[in-house]
Amino acid sequence: MNKRTSFSTPDLAVNIGGIRMKNPVITASGTFGYGEEMSELYDLSSLGGIMVKGLSLSPQPGNPPPRICETPAGMLNAIGLQNIGVRVFIEEKLPMLRRWDTRIIANIYGHDCGEYAEVARCLNDAEGVDGIELNISCPNVKKGGMAFGTDPVETRKVVKAVRRACRLPLIVKLSPNVTDITEFARAAEGEGADAISLINTLLGMAIDIHLRKPILANIMGGLSGPAIRPVALRMVYQVARSVKVPLIGMGGIMNAEDAVSFLLAGASAVAIGTANFVDPMTPLKVIHGIRDYMIQYDMTSMQDLIGAL
Amino acid sequence: MNKRTSFSTPDLAVNIGGIRMKNPVITASGTFGYGEEMSELYDLSSLGGIMVKGLSLSPQPGNPPPRICETPAGMLNAIGLQNIGVRVFIEEKLPMLRRWDTRIIANIYGHDCGEYAEVARCLNDAEGVDGIELNISCPNVKKGGMAFGTDPVETRKVVKAVRRACRLPLIVKLSPNVTDITEFARAAEGEGADAISLINTLLGMAIDIHLRKPILANIMGGLSGPAIRPVALRMVYQVARSVKVPLIGMGGIMNAEDAVSFLLAGASAVAIGTANFVDPMTPLKVIHGIRDYMIQYDMTSMQDLIGAL
Amino acid sequence: MTSEVIENREVAGGIFRLTLAPDPFPATVAPGQFVMVRTAEGMDPILSRAFSIHDVVDRKIRILYRVVGRGTGCLSKRKKRDGIGLIGPLGRGFTIPKTMKTAWLVAGGIGVAPFQLMIRALRSRKIHTTLFFGARTAEELAWYRDLEGQGVSLVVSTDDGSLGEKGKIVDVFRKQILQYQVDQTCRVYACGPRPMLSAAARLCRDLKVQGEVSLESEMACGLGTCMGCVVLTSTGYQRVCREGPVFPADSILWE
Amino acid sequence: MTSEVIENREVAGGIFRLTLAPDPFPATVAPGQFVMVRTAEGMDPILSRAFSIHDVVDRKIRILYRVVGRGTGCLSKRKKRDGIGLIGPLGRGFTIPKTMKTAWLVAGGIGVAPFQLMIRALRSRKIHTTLFFGARTAEELAWYRDLEGQGVSLVVSTDDGSLGEKGKIVDVFRKQILQYQVDQTCRVYACGPRPMLSAAARLCRDLKVQGEVSLESEMACGLGTCMGCVVLTSTGYQRVCREGPVFPADSILWE
Ligand SMILES: Cc1cc2nc3c(=O)[nH]c(=O)nc-3n(C[C@H](O)[C@H](O)[C@H](O)COP(=O)(O)OP(=O)(O)OC[C@H]3O[C@@H](n4cnc5c(N)ncnc54)[C@H](O)[C@@H]3O)c2cc1C
Ligand SMILES: Cc1cc2nc3c(=O)[nH]c(=O)nc-3n(C[C@H](O)[C@H](O)[C@H](O)COP(=O)(O)OP(=O)(O)OC[C@H]3O[C@@H](n4cnc5c(N)ncnc54)[C@H](O)[C@@H]3O)c2cc1C
Ligand SMILES: Cc1cc2nc3c(=O)[nH]c(=O)nc-3n(C[C@H](O)[C@H](O)[C@H](O)COP(=O)(O)O)c2cc1C
Ligand SMILES: Cc1cc2nc3c(=O)[nH]c(=O)nc-3n(C[C@H](O)[C@H](O)[C@H](O)COP(=O)(O)O)c2cc1C
Ligand code: FES
Ligand code: FES
């Protein structure tokens, strides 16, 4: 209470496995493109970080449409990781992204460990990438994707391969489609991950009962949005109690209250995904709301908030 | 199209592993009590079946409140299987339930295989139970519950024990909190399950950011409601392609369209859970809606509809 | 069942009175019972909210609610002629023994809601009734002046003393009741925040007067099927929606 | 940005015209662009819906929509003075080359929406314009008589022949256009159901006339970030929300 009288602005800075961010709010991979379009809407320098759309070695066409489908308080997507490829990203998108004073985290995936490592190596040699997020959890591509994230042996292999291939801070993004999420978190940590992000989407499906076929051309897709928040929050809470590396929590965060609940559960930062579609200003509102919450409860630094359940 | 001219009412009857039901709409365990209260609202004889609240050998007090918490398009519950015990159920509730012309399915759980078997034996000897639903998937009790449903070896053991203990049609209810649901379905089928029901709730959590503690006294709870429907539908679709026994699909079914999508995905019957809280008339509306759908598409029996993707 | 909005009026800052015409109109309605209300069309929020039946006039049901969150926020936007889903009346209301002569109603804030209907019932039995009504501010109380014309004594208090006595209504009630000779013909009825109810329950125990409290709890079904709304009583967990919401004050383990 | 509902009027059975006052008003609006609209308060439905900008009058944006599902159902209930979240204008609209002299607009059903603003643009450039407008029934067409005063030729058809010619509007258009001498100063603009658009595209190819089609697709962001709304073109998957919604008719692989 007496701290209140100082009226000091709380310090929102966090260090996520070596990535120093001015605040704990990141935009989730695949929901923010390469930042270009969003920069027309607001100053990206306000963000703690940007996780760019998943990058692979060569450009990918992605899945045929329909790729998305609305569900109660959520959505399914089966984009199939359409992307321009890591080299084009480095040449064409990264220079533009660097103009903003924020951390650029490259989300990557490959079809096998070698390809994962190769993408990481490209980024390691490029100028201006602050960290790598290893997507071992995408449910929408046959090879390279969920298979790595639902078998702890595979998880270990791919993390090891990428760890060797680059010196950048390494974040491993876990799949929620597993029996025991902590097992995968420990596997990633054991192989040298600097941080863990969770959760990716839950595998789901929707059917058009009149056409009598799945709505998504890919049949199944990944469920995101507030619908999955209770599951995401539970997993963050569990993983926070079983590893030491910092966590980036995500899954249905729509506003500052949601973000605070992930921080209290033990995440050191949060990522905003589907909410960017619902209200593109969400990340800014979340940053302000976290600050207001900290002021209300006399918290001066993020350490007062993270895991303070 | 020419069938249409006959104006025959479609036949909604199904046979779920030996349980003959007049229609494929059941009320899900834990969302309908023992039917008593609901019988004040409508004629329970309209239902295909009733799955009663989970029964254990001895009465259980359940978890301390708060036990429920609303979430986006869903809810968390941590009832902790409060129940009157199987013997009191047989003596006091079953005679009343038998008055309705519907199938009574007893949902059971135990703390170990022996207890599971003992509950099944009691029901086997009682008059008027049409089938048993084995709950190996409740996330809200420490022992006896999810542990059995997230380890295929344990699943096999408990199904085997109960299979031996009773001659009643045996339905095994799977937990969705697993990496590969089909593995558990095959395990249950292999040990003699007559049918499989899925899904139980997803393990989730919610936090009160002002009190800085979990909202549920039990910390975690089970997520149900439309939020989880895409996950449930996906699992039904997957399991339908890997076992031969009939499936009872559930998870977020709110109306006839939802129910039809589960039937198309391969379920032979559906159960209505959380929707009973939102609109207690849902099961009746679903029955009528399935009938209307069958008439619209000239389906005469459930065989035309089940798995007709 | 469905109902039509007849009126949805803000009677004080953030407090609304909603008048609904249910179809069909329920056979019986007892004071202290509640209804489950679908506050929004669609699924946000998904669960219905419980509201005490505030009054019954002319085959209309009234509820009184304070806007606190998503559900009541949605409800406050429903307009005349809108349809609203409704279940009820539900639960066990207040009991009024034949031999009763004196009723003390203790209401904290929006906890006053069920007492309008209760006052009608008490008056029709010619029971001498006093309503102790406490609120945070004068504004929350002022609109309730209509009650004065209804043959009940009214004692009010506010947290800030801006109207009536200053302080908690239970304390005001305690001071007054100590001057009475209480016996089996008297009864206390309390509705409001949990700390107020437990204080009222303690008072009843000390004075050896029968008391009834109307509880709140998180509810999913309101019907007794989900087992979500339980409260710990001397006979174990009881459902607030079925065995309650009104319980004998001495049956609740207040911890 | 937010906007205030100025009017939300049912102009024909199930077809509404919504007039919104956005704050701030966008710097530029081109015909064929769209806006993303939050149809409901709260999260049911959670995704915004795309609507073509129907008209701009007096710093107000108008959209024209048919109630088909949950989102448009919610939208139809929004009342005057309600606040509605809005993003836009978005995407690439119709292009009007300097040398153009003749515009043929082909609209199927609610696909007529973007053409009101388009007609204003064409008229201001004194381009000779004919609107071919097909609908299922006379009612869907009748309200649109206002267009007649605007200096465009209007040809209408209905599926049942209850108004105008009987049959699909593309067929009506085909018959008429065959009588013209088409060249580079003519252009076809089409908006409506996908089969209509592909038929229009085929016609353009056959007649060697430039055509533009406005496509629909399932959208999450409307901004170009989710990659959800793609359509297969001769240069691969393109985003309907960013590279479209208006595409050269010959660039789309109609399959
Ligand atoms: C038997 C019964 C009778 C009731 N009668 C009335 C009545 O007559 N008038 C009335 O206004 N309300 C009454 N309530 C409370 C009502 O059901 C709602 O829970 C409350 O209005 C909050 O709903 P909400 O959706 O607006 O808030 P929510 O969005 O659910 O919650 C928002 C905030 O309100 C708090 N909150 C949640 N539930 C309650 C609660 N039960 N009481 C107080 N705060 C809560 C939450 O902690 C949260 O901070 C009654 C509840 C019960 C169980
Ligand atoms: C660029 C663009 C511009 C658009 N402009 C307009 C416009 O000016 N006026 C207008 O009324 N609509 C327009 N739409 C369609 C609009 O965005 C909605 O998708 C449509 O109105 C259905 O929304 P809903 O929520 O009511 O239906 P939903 O609940 O989403 O769906 C209900 C039913 O409608 C069908 N449906 C879903 N999406 C569409 C769609 N895009 N078109 C037709 N049927 C659909 C579904 O298959 C379903 O059967 C446009 C779409 C795009 C992409
Ligand atoms: C349209 C869409 C595309 C996505 N693409 C990626 C991706 O390329 N790589 C990745 O790791 N996660 C991807 N995700 C997952 C999100 O980053 C995030 O983990 C998930 O959506 C949960 O968060 P949310 O509920 O806030 O959206 C995508 C999600 C959506 C909705
Ligand atoms: C309040 C509540 C209590 C439940 N109790 C049980 C139970 O005792 N046994 C059981 O097998 N499942 C229980 N369930 C799970 C449901 O039967 C059902 O599998 C699940 O809720 C998913 O369906 P729904 O989304 O339609 O509710 C319970 C669910 C709820 C919401
Ligand atoms: S609210 Fe469901 S039992 Fe009381
Ligand atoms: S709607 Fe998201 S990219 Fe087009």
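This next bit is on the overall build of chain C. Assigned secondary structure in chain C consists of 5 helices and 16 strands. Here chain C has a C-alpha radius of gyration of 18 Å; the compact-globule value for 255 residues is 18 Å, and the two agree. Dimensions of chain C, computed from the C-alpha atoms along their principal axes, are close to 50 × 40 × 35 Å. Going through the 255 residues of chain C one by one, you find that 59% of them count as buried. For chain C, the share of sequence-separated contacts (at least 6 apart) that also reach a separation of at least 24 residues comes to 62%. Here chain C displays about 10800 Å² of accessible surface, and carbon together with sulfur accounts for 50% of that area. Within chain C, the 25 negative side-chain charges are centred at a point lying 3 Å from the centre of the 34 positive side-chain charges.

Turning our attention to the packing of aromatic side chains. If you walk through the whole model with that rule in mind, you get 20 aromatic pairs over all chains. Measuring from centroid to centroid gives 5.7 Å for Y34 of chain B and F89 of chain B, while their planes differ by 45°, and the two rings are tilted. Of this pair, Y34 of chain B sits in the loop between β3 (25-27) and β4 (49-55) while F89 of chain B sits in helix α1 (residues 86-98); the two residues are 55 residues apart in sequence, bridging distant segments of the chain. Each member of the pair, Y34 of chain B together with F89 of chain B, is buried. Their ring planes at 65° and their centres at 5.3 Å tell us that W104 of chain C and Y180 of chain C sit as a pair that is edge-to-face. Taken together, the positions of W104 of chain C in strand β8 (residues 102-108) and Y180 of chain C in the loop between α4 (169-177) and β12 (186-191) put the pair 76 residues apart, joining distant regions of the chain. Taking relative accessible area as the criterion, Y180 of chain C reaches 39% and is therefore assigned partly exposed. Every member of this aromatic cluster is reached through a ring pair, and the members are W104, F132, F173 and Y180 of chain C. A cation over a ring is seen here: R67 of chain A above Y237 of chain D, with NZ or CZ 4.8 Å from the ring centre. Between the NZ or CZ atom of R241 of chain A and the centre of the ring of Y237 of chain A, over which it lies, the distance is 3.8 Å.

Contact with chain B, which involves 42 residues of that partner, is made by 42 residues of chain A. Buried area between chain B and chain A, both sides added, is near 3600 Å², and the carbon and sulfur share of it is 69%. Looking at the side of chain B facing chain A, the largest losses of area belong to M205, I209 and R212 of chain B, adding up to 19% of the total buried there. Where chain B touches chain A, the interface holds 0 salt bridges. The interface formed by chain B and chain A contains 9 residue pairs in polar contact (both at pLDDT 80 or more).

Residue and element names in this part refer to chain B. The N-to-C vectors of helix α4 (residues 152-165) and helix α5 (residues 181-190) enclose an angle of 25°; their axes lie 9 Å apart at closest approach. Taken together, the axes of α4 and α5 are roughly parallel relative to one another. In this structure, α4 meets α5 at a crossing whose hand is right-handed. From α4, P152, T155, R156 and V159 reach across to α5, where they touch E183, F184, A187 and A188. Class assignment of the residues belonging to the contact of α4 with α5 gives a composition of 5 nonpolar, 1 polar and 2 charged.

The next subject is the domain arrangement of chain C. Residues and elements named next belong to chain C. When its domains are assigned, chain C resolves into domain 1 (2-90) and domain 2 (102-215). Approximately 1400 Å² of surface area, both sides summed, lies buried where domain 1 meets domain 2, with 63% of it carried by carbon and sulfur atoms. Contact with domain 2 buries surface across domain 1, with P31, H54 and R66 losing the most and accounting together for 38% of the total. Our count for the contact surface shared by domain 1 and domain 2 stands at 2 salt bridges. With a shortest N-O distance of 3.0 Å, E140 and R66 are connected by a salt bridge. Per-class residue counts for the side of domain 1 that touches domain 2 are 11 nonpolar, 4 polar and 2 charged.

Mapping chain B onto chain A calls for a rotation angle of 180° and an axial translation of 0.0 Å; the resulting RMSD is 0.0 Å. Expressed as a symmetry operation, the mapping of one chain copy onto the other fits a two-fold axis. A high fraction, 100%, of the interface residues of chain B reappear at the interface in chain A, so the copies pair face to face through one surface.

If you check the shell around ligand 3, you find 22 residues, and the closest are S29, K173, G225, G252 and T274 of chain A. Proximal residues around ligand 3 fall on chains A and D, making this an inter-chain site. At 3.0 Å, a backbone N or O of I199 of chain A approaches an oxygen atom of ligand 3. Contact with the protein chains covers 98% of the free accessible surface of ligand 3, which is 600 Å². For the shell around ligand 3, a count of residues per class yields 5 nonpolar, 15 polar and 2 charged.

With that settled, the discussion passes to the pattern of salt bridges. Opposite charge on two side chains permits them to pair, given that their charged atoms come into close proximity. As enumerated under the stated definition, the model contains 53 salt bridges over all chains in all. With its nearest N and O atoms 2.7 Å apart, the salt bridge here joins R239 of chain C to E243 of chain C. Overall, R239 of chain C belongs to the buried group, its relative accessible area being 13%. A residue is classified by how much of its surface remains accessible, and E243 of chain C, at 17% relative accessible area, is buried. A single salt-bridge network, built from bridges that share partners, covers E37 of chain A together with R239 and E243 of chain D.

Taking 1.5 Å as the rise per residue, helix α2 (residues 113-125) of chain B with 13 residues should run 18 Å; its terminal C-alpha atoms sit 18 Å apart, in good agreement. If you check which residues of α2 of chain B are buried, you get C113, E115, Y116, A117, V119, A120, C122, L123 and N124 of chain B.

Let us look at the sheet that holds strand β3 (residues 34-37) of chain C. Residues and elements named next belong to chain C. Pairing is antiparallel across the open sheet formed by 7 strands, whose spatial order is β4-β3-β7-β1-β2-β6-β5. Whereas interior strands pair on both sides, the edge strands pair on one side only; in this sheet they are β4 (49-52) and β5 (55-57). Sheet twist, expressed as the average angle between the axes of neighbouring strands with direction ignored, equals 40°.

Moving on to unusual backbone geometry. Here the residue pair D44 of chain C and P45 of chain C is connected by a cis peptide bond, since its omega of 5° sits within 30 degrees of zero. Tracing the backbone shows P45 of chain C in the loop between β3 and β4. At the junction of G244 of chain D and P245 of chain D, the peptide bond is cis and its omega measures out at 10° in the coordinates. Position of P245 of chain D relative to the elements: it lies in the loop between β15 (236-239) and β16 (246-248). The phi dihedral of A73 of chain A falls on the positive side, at around 55°, and the residue is not glycine. For A73 of chain A, the location among the structural elements is in the loop between β5 (68-71) and β6 (74-77). Overall, the relative accessible area of 6% leaves A73 of chain A in the buried class. Positive phi, close to 60°, is recorded for K126 of chain C, a residue that is not glycine. With respect to the helices and strands, the residue K126 of chain C is situated in the loop between α2 (115-124) and β9 (128-135).

Turning our attention to the environment of G222 of chain D. Residues and elements named next belong to chain D. Inspection of the secondary structure assignment puts G222 in the loop between β13 (210-214) and β14 (230-233). Here the alpha-carbon distance between G222 and Q210, two residues 12 residues apart in the chain, equals 27 Å. Not counting the four nearest positions on each side in its chain, G222 is found in contact with F34, M36, L90 and C241.

Rules behind the numbers
- Residues numbered from 1 in each chain as written.
- Chains lettered and ligands numbered in written order.
- Predicted model: local features only at pLDDT ≥ 70, side-chain atom pairs only at ≥ 80, totals over all residues.
- Heavy atoms only, no water.
- Helix = DSSP H or I, 4+ residues; strand = E, 2+ residues; numbered from the N terminus.
- Rg over C-alpha atoms; globule rule 2.2 N^0.38 Å.
- Buried < 20%, exposed > 50% of the residue type's maximum accessible area, 1.4 Å probe, protein only.
- Contact = heavy atoms within 4.5 Å.
- Areas by Shrake-Rupley, 256 points an atom, 1.4 Å probe, with all protein chains shown as cover.
- Lys, Arg positive; Asp, Glu negative; His and termini not counted.
- Charge placed at Lys NZ, Arg CZ, Asp CG, Glu CD.
- Phe/Tyr/Trp six-rings, centres within 6.5 Å; stacked < 30°, edge-to-face > 60°.
- Lys NZ or Arg CZ within 6 Å of the ring centre and 35° of its normal.
- Buried area = accessible area lost by both parts, 1.4 Å probe.
- Salt bridge = Lys/Arg side-chain N within 4 Å of Asp/Glu carboxyl O.
- Polar contact = N/O pair within 3.5 Å; in protein donor to acceptor, adjacent residues only side chain to side chain.
- Axes fitted to C-alpha atoms, helices over the stretch in contact; angles between N-to-C directions.
- Parallel < 35°, antiparallel > 145°, perpendicular 65-115°, else oblique.
- Left-handed = near helix turned anticlockwise from the far one by under 90°.
- Nonpolar A, V, L, I, M, F, W, Y, C, P; charged D, E, K, R; others polar.
- Domains from an automatic or database assignment.
- Least-squares fit on C-alpha atoms with pLDDT ≥ 70 in both.
- Near = heavy atom within 4 Å.
- Expected span 1.5 Å × (residues − 1).
- Pairing = 2+ DSSP bridges.

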